[in-house]
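Given next are the chains, with one letter for each unit.
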Amino acid sequence: QVQLVESGGGLVQAGGSLRLSCAASGSIFSINAAGWYRQAPGKQRELVARITSGGSTNYADSVKGRFTISRDNAKNTVYLQMNSLKPEDTAVYYCNAIVVAVPTTRNYWGQGTQVTVSE
């Protein structure tokens, strides 16, 4: 059974940094495109950053220059390095990925990890 397991969330002061990880487990061959989304209380889930299988990236305007998405194909893991964090970055962060697996390729979501940025 394929799972995306996120880690690295927590409480940090404004200006601080966190690194989120999203590891795919199970009978998988590879991760295709992947992304990080976030959902703050009372708001819709929004795309934060996305990375293609070839390594091309795109970011929400609100995080450009502060966040970096990357991947380690050997470990089937996607990362989100978050620097210069702001209170408005507070949200539950979700990993999303297209996983090439047995018996099929499909889209998966992680369970979410809480990021809280204090003043």
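Residues numbered from 1 in each chain as written. Predicted model: local features only at pLDDT ≥ 70, side-chain atom pairs only at ≥ 80, totals over all residues. Heavy atoms only, no water.

Caption draft 1: Focus on the overall build of the protein. Summing up its helical and strand segments, the protein has zero helices and 11 strands in all. Here the C-alpha radius of gyration of the protein, 14 Å, is about what a compact globule of 119 residues would show, namely 14 Å. Structurally, the protein occupies a C-alpha span of about 45 × 25 × 25 Å along its principal axes. Residues classed as buried in the protein amount to 42% of the 119 residues present. Sequence-distant contacts, at least 24 apart, represent 55% of the contacts inside the protein between residues at least 6 apart. Surface summary for the protein: the accessible area is close to 6,200 Å², and the carbon and sulfur share equals 47%. (Helix = DSSP H or I, 4+ residues; strand = E, 2+ residues; numbered from the N terminus. Rg over C-alpha atoms; globule rule 2.2 N^0.38 Å. Buried < 20%, exposed > 50% of the residue type's maximum accessible area, 1.4 Å probe, protein only. Contact = heavy atoms within 4.5 Å. Areas by Shrake-Rupley, 256 points an atom, 1.4 Å probe, with all protein chains shown as cover.)

Caption draft 2: Examining the packing of aromatic side chains more closely. As enumerated under the stated definition, the model contains one aromatic pair in all. Across from the ring centre of Y108, 4.0 Å away, lies the NZ or CZ of R106, which sits over that ring. (Phe/Tyr/Trp six-rings, centres within 6.5 Å; stacked < 30°, edge-to-face > 60°. Lys NZ or Arg CZ within 6 Å of the ring centre and 35° of its normal.)

Caption draft 3: Geometry of the side chain of S21. Tracing the backbone shows S21 in strand 3 (residues 18-25). Sequence-distant contacts of S21, defined by excluding residues within four places in its chain, comprise V5, E6, S7, W36, T77, V78 and Y79.

Caption draft 4: Molecular detail of the pairing of strand 4 (residues 28-39). In this sheet, strand 9 (residues 91-101) lies alongside strand 4 in antiparallel orientation, the contact comprising nine bridges. Within strand 9, the position partnered with S30 by the bridge is V100. Pairing of strand 4 with strand 5 (residues 46-51) involves five bridges; the strand directions are antiparallel. Considered in strand 5, the bridge of A34 is made with I51. Here strand 4 hands over to strand 5 after six residues, with G42 in that stretch at a positive phi of 75 degrees. (Pairing = 2+ DSSP bridges.)

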